[in-house]
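Given next are the chains, with one letter for each unit.
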Amino acid sequence: MKFAIVLFALFAVAAARPNDAQIVRLDSDVQPEMWSSKLETTDGTSINQNGVLKNVGTEHEAIAVKGSFSFVADDGQTYTINYIADEYGYQPHGAHLPVAPVA
């Protein structure tokens, strides 16, 4: 169920931009304990993600997702975010994202 929410949220990001982009690639592979998906559109948006069910059958069972998404912003620049989403939360990384100062 959780992986469906993550998958839906990422596709919603791509769909939320008001434009006439068409899907040029959409691949997915869903297995009982792992999944992957790729999406590319004509406007330069792309999403690539892999998920795995960790600690299967234990009380610490969790989904871990590793992926990236890119989009072309209004300034014409392509922005890419690489991320991990797991039991430690959502951890995005991107050259354009602010970084907290070192204490």
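Sequence order as written defines residue numbering, which begins from 1 separately in each chain. Since the coordinates come from a predicted model, pLDDT governs what is reported: local features require at least 70, and pairs of side-chain atoms require 80 or more to be given and counted, while whole-chain, interface and lining totals use all residues. Each side-chain value is worked out from all heavy atoms of the structure, with water and hydrogens disregarded.

- As recorded in an unreviewed UniProt entry, the protein goes by the name Larval cuticle protein 5-like, listed as coming from Drosophila rhopaloa.

## Structural notes on the pattern of salt bridges
Once the charged atoms of two side chains with opposite charge are near each other, the side chains can pair.
In step 1: Salt bridges are defined by distance alone: a side-chain nitrogen of Lys or Arg within 4 Å of a carboxyl oxygen of Asp or Glu. In the structure shown here, the tally under the stated rule is 3 salt bridges.
In step 2: The partner of E87 in a salt bridge is K54, with the nearest N and O atoms 2.9 Å apart. In this pair, E87 is assigned in the loop between β5 (78–86) and β6 (89–93) and K54 in strand β3 (residues 46–54), connecting sequence segments 33 residues apart.
In step 3: Working definition: with a 1.4 Å probe on protein chains only, accessible area under 20% of the residue-type maximum means buried, over 50% means exposed, and in between means partly exposed. Given the relative accessible area of 40%, E87 is considered partly exposed.
In step 4: Salt bridges here are not isolated pairs; linked through shared partners, they connect R25, D27 and E40. Secondary structure is summarised from DSSP: a helix means a run of H or I of at least four residues, a strand means a run of E of at least two, and numbering begins at the N terminus for each.

## What about the side chain of S68?
In step 1: Following the sequence through the fold, S68 ends up in strand β4 (residues 62–72).
In step 2: Excluding its chain neighbours within four sequence positions, the residues that come into contact with S68 are S46, I47, N48, I81, N82 and Y83. Pairs of residues are marked as contacts when any of their non-hydrogen atoms sit within 4.5 Å.

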